[in-house]
Amino acid sequence: MVATLCDVAVIDAGVQKLSRSRDSSAVLKARLISLRSALPCVPILAVEGVDDKIIYARWIGRLRSSLVYEPLICRGKDGVLALKAALERDQTGLEAGVYFFIDRDFDGLKGSSASKSVFLTEGYSLENYLVSPAVLDKTLIDLFHCDGRPDVRSKIVVEFERVYAEFLSVTKQLNIRIYIARKCGVKLNKTITDKISDIAQVSLGAVVASNNDPSSIITYIREISEDEIKNIICQFGSLDPAKNFRGKFALMFFRRWLDLLADEFDARQTDLFSDIKRVEKVRRKELTIGHFASCSDFPPGLDTFVQTIDAAA
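Residues numbered from 1 in each chain as written. Predicted model: local features only at pLDDT ≥ 70, side-chain atom pairs only at ≥ 80, totals over all residues. Heavy atoms only, no water.

**Student:** Looking at this structure, I do not really get unusual backbone geometry. What am I missing?
**Tutor:** Glycine aside, residues mostly have negative phi, and peptide bonds are mostly found in the trans state. Even without glycine at this site, His145 takes up a positive phi of about 60°. Structurally, the position occupied by His145 is in the loop between helix H5 (133-142) and helix H6 (150-170). One non-glycine residue, Arg268, adopts positive backbone phi at about 55°. Turning to its location among the elements, Arg268 is positioned in the loop between helix H12 (247-267) and helix H13 (289-294). The class for Arg268 is buried, based on a relative accessible area of 17%. (Helix = DSSP H or I, 4+ residues; strand = E, 2+ residues; numbered from the N terminus. Buried < 20%, exposed > 50% of the residue type's maximum accessible area, 1.4 Å probe, protein only.)

And the structure:
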């Protein structure tokens, strides 16, 4: 029997699905073997994504500038955990000198065991540590030319804290829906948006919810019963929003707010920068995660963990 184009498409889809299911462990392990062959004694740091690689590079550079290591990007938390599981099954000693960096999110290690080779953030994710009054103050000094004017910086930081609190309040229901999904083990129907306009309308002085209902942004593959939700909602109430709400939302807000602040530096429609001369423009291109990480606090425990990183035996 001759296969039709439709048959071929179905077969290809099945093969791709099987390939994806194996990718997170087999492919990552193969990449690690290749790295270890080229760099037999260099510590390898398994991280979730490209942003993680950049952020940890800044933090490790500040904590232990002499450390030579190689990052291994695992395409998400599940990838890091899959590699960890594969190495725990491995009998060749391949796990020596490999360290795993994982965001706590709302689901921690997802049943995987903690060990001395695992660093788990105390907050939701790395991004939570990049959004803070301290980072804003340093950004105002370096990129907004507010050096020598602590009075101006203090006024802006106070305004930021007020508006950021509004943002966290506005996005609470989105975080609750994500929290429920993670605690119930229910997958989402689609990738969470990376557009700030989908979740909130941000201006320099205020934040209001977007016109999108939270249930249309965070959708589940199955309905979750009221009984399942009851206890979970109580647990959610104990979280610190700035520390434990979704970090990517926080960073989306911070970037948007800084962009609006840069507009205000040029326009001078309020008194925020009234005493700052316009000799220089805001260095917008340097408003990056690398800059934020270069002046943020570290996640608790990272300094100690970084000192334990050692070469493969």
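There's more to say after this.
**Student:** Looking at this structure, how should I read H12?
**Tutor:** Since one α-helical turn is 3.6 residues long, residues separated by three or four positions face the same way. The terminal C-alpha atoms of H12 lie 30 Å apart, and with 21 residues this matches the ideal 30 Å at 1.5 Å per residue to within 8%. Looking one or two places after H12, you find Arg268, whose phi comes out positive at around 55°. (Expected span 1.5 Å × (residues − 1).)

**Student:** Any chance you could explain the pattern of salt bridges here in plain terms?
**Tutor:** Opposite charge on two side chains permits pairing when their charged atoms draw close. Applying the stated rule across the entire model yields 21 salt bridges. Residue Glu88 pairs with Lys84 through a salt bridge whose shortest N-O separation is 2.6 Å. With Glu88 and Lys84 both in helix H3 (residues 77-89), this residue pair falls four residues apart, about one helical turn. Given the relative accessible area of 2%, Lys84 is considered buried. In this structure, Arg162 engages Glu159 in a salt bridge whose closest nitrogen and oxygen atoms are separated by 2.7 Å. Here Arg162 pairs with Glu159, and both are found in helix H6, just three residues apart, close to one helical turn. (Salt bridge = Lys/Arg side-chain N within 4 Å of Asp/Glu carboxyl O.)

**Student:** Is there a simple way to think about the sheet that holds strand E3 (residues 98-102) in this case?
**Tutor:** Whenever strands of a sheet pair, they do so through backbone hydrogen bonds, lying parallel or antiparallel. In spatial order, the strands read E2-E1-E3-E4; together these four strands make up an open sheet with parallel pairing. Where the open sheet ends on each side, the last strands, each with one partner, are strand E2 (70-73) and strand E4 (118-120). Direction aside, the axes of adjacent strands within the sheet are offset by 20° on average. Relative to E4, E3 runs parallel, the two being bridged by three bridges. When the sheet's bridge partners are listed, Ile102 is paired in E4 with Leu120. Here helix H2 (residues 50-63) sits on the sheet in contact with strand E1 (44-47), E2, E3 and E4, set at roughly 135° to E1. Contacting E1, E2, E3 and E4, H3 runs over the sheet at an angle of about 150° to E3. (Pairing = 2+ DSSP bridges. Axes fitted to C-alpha atoms, helices over the stretch in contact; angles between N-to-C directions. Contact = heavy atoms within 4.5 Å.)

**Student:** Can you help me understand the state of the cysteines in this one?
**Tutor:** A covalent bond between the sulfur atoms of two cysteines is what we call a disulfide. Tallied over the full model, the rule gives zero disulfides. Lacking any disulfide linkage, Cys184 is separated from the closest cysteine sulfur, that of Cys234, by 13 Å. (Disulfide = S-S within 2.5 Å.)

**Student:** Can you help me understand the pairing of E1 in this one?
**Tutor:** Here is the key point about a regular strand: its side chains alternate between the two faces of the sheet. Alternating residues of E1 divide into Ile44 and Ala46 and Leu45 and Val47, and every residue in both groups is buried. Of the pairings in the sheet, the one linking E1 to E2 comprises four bridges and is parallel in character. Considered in E2, the bridge of Ile44 is made with Glu70. Crossover connection from E1 via H2 to parallel E2: handedness right-handed. With three bridges joining them, E1 and E3 adopt parallel strand pairing. The partner of Ile44 across the bridge, within E3, is Val98. (Right-handed = clockwise from strand over helix to strand, strands pointing away.)

These figures come from the coordinates and say nothing about function on their own.
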